[in-house]
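These are the residues of each chain, in order.
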Amino acid sequence: MSRRSFLASKPVVTVLTVSAMLGMVFVAVFLPGAIPETRVRLRVDTDKALESPARILPDKVIELTEFDPHDPIPRRFVRTAILRRGDSLFAGLLANGLGASDALTVVRTFESVYDPRRLVPGNELIITFAGEGGPLREVSVRLGSTTSISVTRDATGVYAASRVERRLTREPRRVSGNVANSLYGSALAAGVPINTVVRMIQLYSFDIDFQRDIRQGDFFEVVYERLYDEAGNYVRDGELVFVELGVGGRAYPYYRFKPSDGETDFFDPDGTTARKSLLKTPVDGARLSSGFGMRMHPILGFSHLHQGVDFAAPVGTPILAAGDGVLSFIGYDRINGNHIRIRHVNGYMTLYAHMSSYARGMTVGHRVRQGDVIGFVGSTGLSTGPHLHYEVHHNGRPINPATIEFPPGRVLEHDELSRFRTERLRIDLLREELS
Ligand SMILES: [Zn+2]
């Protein structure tokens, strides 16, 4: 539903009328929190108020149409205040021009829909009088961006409390730009809200090393929601819908999608979550021929730590990048033969040894995605037969690839994948519309 159609519809507010009651029992409840001066004034005003008995009305529900407590009312005078630490609603009302009897009645009426002890510092009070020095018309307490509690007083002195829910509409906003020095700084400078920027950085923490990978010419695009109330006022920012980062000539788009059986997550165009693990077997159709740990070296003939795992496979079998990353080494040495190292995010590095040859385009600094073919199985270096020797290092130390624990990623399939494709198309059309 668009914002315009919301504006056209008439908001309906249900008003719960409650009986306003005054009494010494109630006063006693509120006295402990009040400051001494208040206590004196309170006693005087309450006594005066008790001379004119409050009207007692039966509880009933009235439906009013086109009622908006924040619309301009002729001859009105408005005071706003923020509740501070230790403030009670009662104290807040006294400090903002209400007499003790009015304040008590407001609090008592307020209580019928919301416990005033649940108010927290930062809640906003909006107090409306019928002109400066005139009688009270309304006290509205904003509990959050969408909910407020309103206590109104009509011309005959009847108080009514209601809970007012502002319906918010979402409007997408698209921001794009170049990454100058950091994604963080550039996105903020382009007007992307900080929470959204932080979310983007979290999403890319499996793809991008923000300390080292960001270069001149990299770009970003983000689509997120902004929330508006019925009057068209901006209230707050909503969720991230789409984000794309172009780094080193590769684009990394992610689309928001909620699988029917899970939480909202972000998926690449193929339906794979942004979260992903390193591959445990980066070579197709291979069998594990030697595990991680101490073993007798087949050629050197002494016991040592085998700091990787071996997969036996025919010469020429493609070797895959275990995760997204950047080539940090490609070359030959006596032990590893032709080998490649890939630097990944979060302190991980993988090494692929004994290759017969490299895939086309492999040079230091080349960016790979998980599953890209980087080379082919061989038996170069210190090797007894065709196999891939695969190592995973974390913060400079070899670890057993079989025991790496990452939060599980997810790949959408079947019905979920076709639902995702529909949503992806919708988001792509939205991006086009907004650009
Ligand atoms: Zn090995």
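Residues numbered from 1 in each chain as written. Predicted model: local features only at pLDDT ≥ 70, side-chain atom pairs only at ≥ 80, totals over all residues. Heavy atoms only, no water.

Looking at the pattern of salt bridges
- Summed over all chains, the structure comprises 18 salt bridges.
- With a shortest N-O distance of 3.8 Å, E244 and R431 are connected by a salt bridge. Of this pair, E244 sits in strand β10 (residues 234-247) while R431 sits in helix α8 (residues 414-434), placing them 187 residues apart in sequence. Of the two residues examined, E244 and R431, each falls in the buried class. (Salt bridge = Lys/Arg side-chain N within 4 Å of Asp/Glu carboxyl O. Helix = DSSP H or I, 4+ residues; strand = E, 2+ residues; numbered from the N terminus. Buried < 20%, exposed > 50% of the residue type's maximum accessible area, 1.4 Å probe, protein only.)

Notes on a nonpolar patch on the surface
- Together, Y184, L188, I194 and V198 make up an exposed nonpolar region whose accessible area comes to about 310 Å².
- If you list the elements that add at least two residues to the nonpolar patch, you get α6 (183-189) and α7 (194-203).
- Topologically, L188 is positioned in helix α6.
- For L188, a relative accessible area of 32% translates into the label partly exposed. (Patch = residues over 30% accessible without salt bridge, like charges linked within 9 Å, V, L, I, M, F, W, Y side chains within 5 Å. Areas by Shrake-Rupley, 256 points an atom, 1.4 Å probe, with all protein chains shown as cover.)

So, the coordination of the zinc ion
- Protein-derived coordination of the zinc ion comes from H306 (NE2), D310 (OD) and H389 (ND1), at a distance range of 1.9 to 2.3 Å.
- Sequence spacing among the residues donating to the zinc ion works out to H-x3-D-x78-H. Highlighted residues: H306 in strand β15 (residues 303-306) and H389 in strand β23 (residues 387-394), separated in sequence by 83 residues.
- Overall, the relative accessible area of 7% leaves H389 in the buried class. (Donors = N, O, S within 2.8 Å, 3.2 Å for Na, K, Ca; no water.)

Considerations on α7
- Along α7, the residues that are buried comprise T196, V197, M200 and L203. In an axial view of α7, the angular spread of the buried residues amounts to 120°, which keeps them on one side of the axis. (Arc of directions from axis to C-beta.)

Let's talk about the confidence of the model for the protein
- Residues with a pLDDT of 70 or more make up 79% of the protein, whose mean pLDDT is 78.
- pLDDT under 50 marks residues 1-74. Its contacts with residues more than four places away, or in other chains, come to 112 contacts. (pLDDT = per-residue confidence, 0-100. Contact = heavy atoms within 4.5 Å.)

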